[in-house]
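Observations on the model geometry
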Amino acid sequence: MLNGMSKIIYFGVAFLPNENAVAIRALSIAEMVKNISCEPVLIGMNNKVEENNFVKSEYEGVTIYEIHYPQTFSEKVRDGFNFFSVIKRIIEDIGILDIKAFLMQDYQYQSMKRIKKYCETNKIDFIPDIMDYFTFTIDKSLYKNIFKSIDTFLRMHFFYPGFKKKICISHTFKKFFKEKGVTVIPPVADKISLLSDQKYRKSENITLIFAGTPGKHFEKEKLDWVIRALSENNSKMELIILGVEEKMVFKNNPKLKKYMSKNIHFLGRVSHEKCMNMFLYGDFSLIIRKKNKLTNYGLSSKISEAFSFGIPVLATDVSDNQIYVKDGLNGFVCESNYEHVREMIRKVELLSTDKIKQMKEYTLSNNPLLIKNYVDDFSRLFKEE
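Treat the numbers as computed from the prediction; the structure is a model and nothing was measured. (Residues numbered from 1 in each chain as written. Predicted model: local features only at pLDDT ≥ 70, side-chain atom pairs only at ≥ 80, totals over all residues. Heavy atoms only, no water.)

**Quick look at the packing of helix α2 (residues 73-94) against helix α3 (residues 109-121)**
Convention followed: Interaxial angles span 0 to 180 degrees and are taken between N-to-C directions of axes, which are lines fitted to C-alpha atoms, for helices over the stretch in contact. Secondary structure counts use DSSP, requiring at least four H or I residues in a row for a helix and at least two E residues in a row for a strand, with both numbered from the N terminus. Left-handed describes a crossing whose near helix is turned anticlockwise from the far helix by less than a right angle; the clockwise case is right-handed. Any two residues having at least one pair of non-hydrogen atoms within 4.5 Å are treated as being in contact.
Put simply, α2 and α3 touch, their axes get as near as 10 Å, and they point 35° apart. For the element pair α2 and α3, the recorded crossing hand is right-handed. Along the contact surface, α2 presents F83, F84, I87, K88, I91 and E92, while α3 presents S111, R114, I115 and Y118.

In structure tokens:
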């Protein structure tokens, strides 16, 4: 029997409250939990927490637990043994009789299996939140690539298919699981109030905003295509880049330096708050990715964040981008190759000030990725069958 308000736990590799995309998702899930009259509890990770331990705190009325984030090989091995015991102690601290469900983002296969079995034993609904389909990347060691590939294969083919209820971030996952038991909940966000930075003035030119980590050689985000396109188009558009240092970009990609201009501004790593506030000075947000398994299954949280500011999005046609980004209304989508990205940027530069203003107004007032749009779908996950 539940004592008081039912609690729903969400676990993810989240650096709370808002330091990575999983943290932003965790907070949006917490809002949905509140909307169905339950109490959210978030479990995330923190580099400063000792192994086999947890720290409890609160953020905007939500209880947060943080556990150790394993980084080295030896820490990851120990985590395989420690993870379950730490999560079990957290559940006991919350109060096992008060817990209605345990939602868990992609994690190590064996750890997820143990948590699922524990939840079943204690009559707690266990629902996976499936966000990524890992593929080999050049920024990881051979060991990490092999380990993560095997672990992903086991989860995707032998663990997730058996669930009658599962959350997926994109419709690509829904097709993979043949629509069985899938509830699609994309990255969502509500309208966000921003504060202007008096040190920075909005340019008279059309301004593009990129926020994130593109990867050492742009394997995650094809920011290099954008920089090159601006140069080869002789563009007057401004490009503001947040999250990456200029010297590191050109150290790892020296051939790109010939495309650099005074209209490209590297602001480096900044706080999440300042990063969000810089959207005040942008006309379009960039999500330019190559097609691969990771980008086709995952979905960037930057779309919902940009929409929540009323900023249209320029994106390539990976994952569900075309479902949410509509040409000429709240952005533009093009094929995922350099020439089409260059042409899209050329087309955007020809837009009038009035057209861009109209697109911004439409984006803010017709946001398909508001939290409230998915509360009904979310609530159905917890109805008795």
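Moving on from the coordinates now.
**Description of the environment of V333**
For V333, the position within the fold is in strand β14 (residues 331-334). Remark: the alpha-carbon pair of V333 and D317, spanning 16 residues in sequence, is separated by 6.0 Å. Setting aside residues no more than four positions away along its own chain, V333 makes contact with A315, T316, D317, N321, Q322, V325, D327 and M344.

**Quick word on unusual backbone geometry**
Selection rule: When accessible area is computed with a 1.4 Å probe and restricted to protein chains, residues below 20% of their type maximum are described as buried, those above 50% as exposed, and intermediate ones as partly exposed.
Following L16, the chain continues to P17 via a peptide bond in cis, the omega torsion being 5°. Assignment of secondary structure puts P17 in the loop between β1 (7-11) and α1 (21-35). In this model, S37 sits at a positive phi of 60°, which is unusual for a non-glycine residue. Positionally, S37 belongs in the loop between α1 and β2 (39-46). For S37, a relative accessible area of 55% translates into the label exposed.

**Things to note about the state of the cysteines**
Cysteine pairs can be linked by a disulfide, which is a covalent bond between their two sulfur atoms. Heads up, the condition is: The disulfide criterion used throughout: a pair of cysteine sulfur atoms within 2.5 Å.
Counted according to the given criterion, the structure contains 0 disulfides. A disulfide-free cysteine, C38 has its sulfur positioned 15 Å from the sulfur of C119, the nearest such atom.

**Some details on the packing of aromatic side chains**
Quick note on the threshold: Here the aromatic set is Phe, Tyr and Trp, taking the six-membered ring for Trp, and pairing holds for ring centres within 6.5 Å; pairs whose planes are under 30 degrees apart are stacked, those over 60 apart are edge-to-face, and all others are tilted.
Applying the stated criterion across every chain yields a total of 22 aromatic pairs. Note on F11 and Y107: the rings are 5.2 Å apart at their centroids and 85° apart in plane angle, and the pair reads as edge-to-face. A residue pair is termed long-range when its members are at least 10 positions apart, and F11 in strand β1 and Y107 in the loop between β5 (99-105) and α3 qualify at 96 residues. Assessed through its relative accessible area of 0%, F11 is described here as buried. Centroid distance F250 to F266: 5.8 Å. Interplanar angle 70°. Geometry classified as edge-to-face. Taken together, the residues span a long stretch of sequence, with F250 in helix α7 (residues 246-252) and F266 in strand β11 (residues 264-268) at a distance of 16 residues.

**Points about empty space enclosed by the protein**
The following threshold applies: Whether a set of points on the 1 Å grid over the protein atoms alone is a cavity depends on a 1.4 Å probe fitting there but being unable to get out, while an open set qualifies as a pocket with protein on both sides within 12 Å along at least five of seven lines; lining residues are those with an atom within 4 Å of a point. Grid points are joined across faces, edges and corners, and a volume is the space filled by probe spheres set on the points. Under the scheme applied, nonpolar residues are Ala, Val, Leu, Ile, Met, Phe, Trp, Tyr, Cys and Pro; charged residues are Asp, Glu, Lys and Arg; polar residues are all the others, including Gly.
This structure, assessed with the given rule, holds 1 cavity of 30 Å³ or more. Size it by volume and the largest cavity reaches roughly 90 Å³. For the lining of the largest cavity, the secondary-structure elements that each account for two or more residues are β4 (62-68) and α2. Per element, the largest residue contribution to the lining of the largest cavity is 5 residues, and it comes from α2. For the lining of the largest cavity, the per-class residue count stands at 4 nonpolar, 4 polar and 3 charged.

**Some thoughts on the nonpolar core**
Quick note on the threshold: Definition of nonpolar core: a set of buried residues of the types Ala, Val, Leu, Ile, Met, Phe, Trp, Tyr and Cys, connected through side-chain atoms within 4.5 Å.
Of all hydrophobic cores here, the largest spans 90 residues; its most connected members are F11, F102, L103 and F378. Top element by residues in this core is α1. It accounts for 8 residues. Apart from the residues lying within four places of it in its own chain, the contact partners of F378 are I29, M32, V33, I36, L103, I167 and I185. Counting 34 residues, the second-largest nonpolar core is a separate cluster that includes I264, L286, L314 and M359.

**Some points on the packing of helix α6 (residues 223-232) against helix α12 (residues 338-349)**
Stated precisely, the cut-off is as follows: Oblique is the label for any angle not under 35 degrees, not over 145, and not in the 65 to 115 range, which are roughly parallel, roughly antiparallel and roughly perpendicular in turn.
Running from amino to carboxyl end, α6 crosses α12 at an angle of 55°, the nearest separation of the two axes being 9 Å. Taken together, the axis directions place α6 and α12 in an arrangement best described as oblique. Both α6 and α12 take part in a crossing whose hand is right-handed. Taking contact as the criterion, the partners of W225, V226, R228, A229, L230 and E232 in α6 are, on α12, Y338, V341, R342 and I345. Grouping the amino acids of the contact of α6 with α12 by side-chain chemistry returns 7 nonpolar, no polar and 3 charged.

By themselves these figures say nothing about function.
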